[in-house]
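Fold and contact review
Listed below are the residues making up each chain.
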Amino acid sequence: MDDLDRRIINQLQGGFPVSERPYRDAARKLGTSESELITRIRCMLDDGLLTRFGPLFHAERMGGALSLCALKVPEERFDEVMEQVNSFPEVAHNYRREHEMNMWFVLATETPQQLDEMIRRIGECTGLEVYNFPKQAEYYVGLNLQV
Amino acid sequence: MSEAAPEKIANEALPDIDRRLVLATQAGLPLHARPWHWLAAELGVEPGLVMARIQAMLDDGRIRRIGVLPNHYRLGYVANGMSVWDVPDDRIAEVGEQVGRLHSVSHCYQRPRHLPDWPYNLFAMVHGHDRQEVMHEVETIAGLLGDLARSHDVLFSTRILKKTGLRIGG
């Protein structure tokens, strides 16, 4: 990763133009060429330095529903419960965290009703209380990562 | 909870062209010199319509932004702590904005308390090269919140149990 890669990461987390030649327009601001910018983005995607390049959608505004949920999983049942939880395709990602609430996962469904239904089913399936942490307000989610 | 969050998106309410554009770009934007024109050809519509619809989705917030999504982990930000804070409800909007603007914070939300187990209502995801750096950033947040933070905790992630890609209902 060189200086140009870093500038692409730092300056192109948003604002990619909606224009006829957007790479050329973005490249001009970055002090490089259209073809070089395309090559750099492709290489960083291939290398895994970038997860994605394109529009980032706002699930709720698209009509979907998301929530963060947590479980207090007894240590001896951790792997079993992990498999139960992960088996639902609505569980988008799941992290182990150091706390009595040791399993934290994000549910993504097409409607808010389906979200409630999933919480009920996961509670039933695991026999554990599902702590639901729906987003009540979202504060500035910035173009934060700097390299 | 990165912004890479897989999102399953309902689409019945969306105009058909918007839905098709979401589906066509969910894996990413074409790396062609004229990506919007390329999409238009794929979908059999005019480039002007594609650019107008994308701009409309940006304007109404259905698209948060268009750009690169860096992989925190691959860029060396391997430590991730979910910092959680108990702050007064009537001050949370003001301090939430401030915390969200810190470079180390990728997401900042108000979420419900679950008393008595869980007194925290402000969640700020903090990234760092190691735990020490995350804790240093948490101290910065603590300084910013001052007496408004009645208590806090940091939940480090120790294992990714599942992470799926972007997924949009077709």
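Residues numbered from 1 in each chain as written. Chains lettered and ligands numbered in written order. Predicted model: local features only at pLDDT ≥ 70, side-chain atom pairs only at ≥ 80, totals over all residues.

Here the focus is the overall build of chain B. Helix and strand content of chain B: 5 helices and 5 strands. Its helices and strands taken in sequence order, chain B reads α-α-α-β-β-α-β-β-α-β from the N to the C terminus. Taken over 170 residues, chain B has a buried fraction of 38%. For chain B, long-range pairs separated by at least 24 residues make up 65% of all intrachain contacts whose partners lie at least 6 apart in sequence. (Helix = DSSP H or I, 4+ residues; strand = E, 2+ residues; numbered from the N terminus. Buried ≥ 20, exposed ≤ 12 C-beta atoms within 10 Å, placed from the backbone. Contact = placed C-beta atoms within 7 Å.)

Among the nonpolar cores identified, the biggest contains 52 residues, and Val85(A), Met103(A), Phe105(A), Leu107(A) and Val68(B) are the most heavily contacted of them. No other element matches the 6 residues that strand E4 (residues 103–109) of chain A contributes to this core. Those residues in contact with Val68(B), other than ones at most four positions away along the chain, are Ile8(A), Ile9(A), Leu12(A), Gln13(A), Ile41(A), Leu50(A) and Phe53(A). Among the nonpolar cores identified, the runner-up in size contains 22 residues, and Met82(B), Val105(B), Cys108(B) and Ala124(B) belong to it. (Core = buried A, V, L, I, M, F, W, Y, C linked by C-beta atoms within 7 Å.)

Attention now moves to the domain arrangement of chain A. On domain assignment, one finds that chain A holds domain 1 (3–47) and domain 2 (60–133). Between the C-alpha centres of domain 1 of chain A and domain 2 of chain A there is a distance of 37 Å. (Domains from an automatic or database assignment.)

Further remarks concern the domain arrangement of chain B. On domain assignment, one finds that chain B holds domain 1 (1–69) and domain 2 (79–156). The gap between the C-alpha centroids of domain 1 of chain B and domain 2 of chain B is 33 Å.

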